[in-house]
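# A closer look at the structure
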Amino acid sequence: MQIIDKYGYLDGAIDYIEKHIVSGRGLQKIAKKARINEDLLKNLSLLLKGFSEQKFISVLQGKIEERRIFKEESEIEISGVDVRLDQEKNNAFIYINITYDIADDGEQEDKAKIEIKIYSKNNIK
């Protein structure tokens with residue numbers, strides 16, 4: 001199975017996470033815009049230090065594979081990504097909603113979506 005991000009939706013989401021949340025730049029403005037407690041966002045930023053795009057992609061691939069059996073030549077084409085910040089109780093997290101198309105042998109077979117919550121570099125659900 002291969003994940004294809006033809007239009008860079010996933011790359012854009014990961015860039016946003018790395019440039020704004022992980023780096024800690026402009027967290028006050030981001031917290032205000034997202035209506036999240038700034039201290040919780042700062043804590044999330046610390047927990048994301050060392051965030052790895054490769055690890056995220058491998059977790060994403062694993063979660064997609066859990067949903068069904070794929071042929072080796074199956075392609076997962078990302079067709080949309082929505083990123084937002086949220087909080088529950090005393091934890092801030094990054095919520096990512098990914099829509100994708102599944103193609104086997106070059107023919108579109110199905111559309112699906114997956115929701116991911118990132119609480120830290122090692123806690124991705």
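Scoring rules and cut-offs
Residues numbered from 1 in each chain as written. Predicted model: local features only at pLDDT ≥ 70, side-chain atom pairs only at ≥ 80, totals over all residues. Heavy atoms only, no water. Salt bridge = Lys/Arg side-chain N within 4 Å of Asp/Glu carboxyl O. Helix = DSSP H or I, 4+ residues; strand = E, 2+ residues; numbered from the N terminus. Buried < 20%, exposed > 50% of the residue type's maximum accessible area, 1.4 Å probe, protein only. Arc of directions from axis to C-beta. Contact = heavy atoms within 4.5 Å. Axes fitted to C-alpha atoms, helices over the stretch in contact; angles between N-to-C directions. Parallel < 35°, antiparallel > 145°, perpendicular 65-115°, else oblique. Left-handed = near helix turned anticlockwise from the far one by under 90°. Nonpolar A, V, L, I, M, F, W, Y, C, P; charged D, E, K, R; others polar. Core = buried A, V, L, I, M, F, W, Y, C linked by side-chain atoms within 4.5 Å. Phe/Tyr/Trp six-rings, centres within 6.5 Å; stacked < 30°, edge-to-face > 60°. Lys NZ or Arg CZ within 6 Å of the ring centre and 35° of its normal.

Moving on, we come to the pattern of salt bridges. What the rule picks out here adds up to 4 salt bridges. Between E88 and K117 there is a salt bridge, with its nearest N and O atoms 3.9 Å apart. In this pair, E88 is assigned in strand β2 (residues 75-88) and K117 in strand β4 (residues 107-120), connecting sequence segments 29 residues apart. Residues K111 and D101 are paired through a salt bridge, measuring 3.0 Å at the closest nitrogen-oxygen approach. Taken together, the positions of K111 in strand β4 and D101 in strand β3 (residues 91-104) put the pair 10 residues apart, joining distant regions of the chain. When its relative accessible area of 13% is taken as the criterion, D101 is described as buried.

By the burial criterion, the buried members of helix α2 (residues 27-34) are L27, I30 and A31. Projection of α2 onto a plane perpendicular to its axis shows the buried side chains occupying an angular sector of 100°, all on one side. Exposed residues on α2 whose side chains face more than 90 degrees from its buried face are Q28, K29, K32 and K33. Here the buried face of α2 lies against α1 (9-22), α3 (38-47) and β2.

Their axes nearest at 11 Å, the elements α1 and helix α4 (residues 53-67) cross at an angle of 130°. Overall, the two elements α1 and α4 adopt an arrangement that is oblique. Both α1 and α4 take part in a crossing whose hand is right-handed. Within the contact between the two elements, α1 uses L10, D11, I14 and E18 and α4 uses E53, F56, I57 and L60. Counted by class, the contact of α1 with α4 contains 5 nonpolar, no polar and 3 charged residues.

Moving on, we come to the nonpolar core. F56, I94, I98, I116 and I118 are the most contacted members of the largest nonpolar core, which has 33 residues in total. Sorting the residues of this core by element identifies α1, α2, α3, α4, β2, β3 and β4 as the ones contributing at least two each. Examining the composition of this core, we find that 6 residues originate from one element, β3, more than from any other. Other than its neighbours up to four places away in sequence, I116 contacts F56, L60, I94, Y95, I96, I98, I124 and K125.

We now examine the packing of aromatic side chains. For any pair of aromatic rings, geometry is given as the distance between the ring centres together with the angle between the planes. By the definition in use, this model includes 3 aromatic pairs. Pairing Y7 with Y9 gives two aromatic rings, centres 6.0 Å apart and planes at 45°, and the pair type is tilted. Ring geometry for F93 against Y119: centres 5.2 Å apart, planes inclined by 40°, an arrangement best described as tilted. Placement of the pair is F93 in strand β3 and Y119 in strand β4, with a sequence separation of 26 residues. A relative accessible area of 3% places F93 in the buried class. By relative accessible area, Y119 is classed as buried at 13%. For the cation-ring pair, R84 lies above Y95, with the distance from its terminal atom to the ring centre recorded as 4.2 Å.

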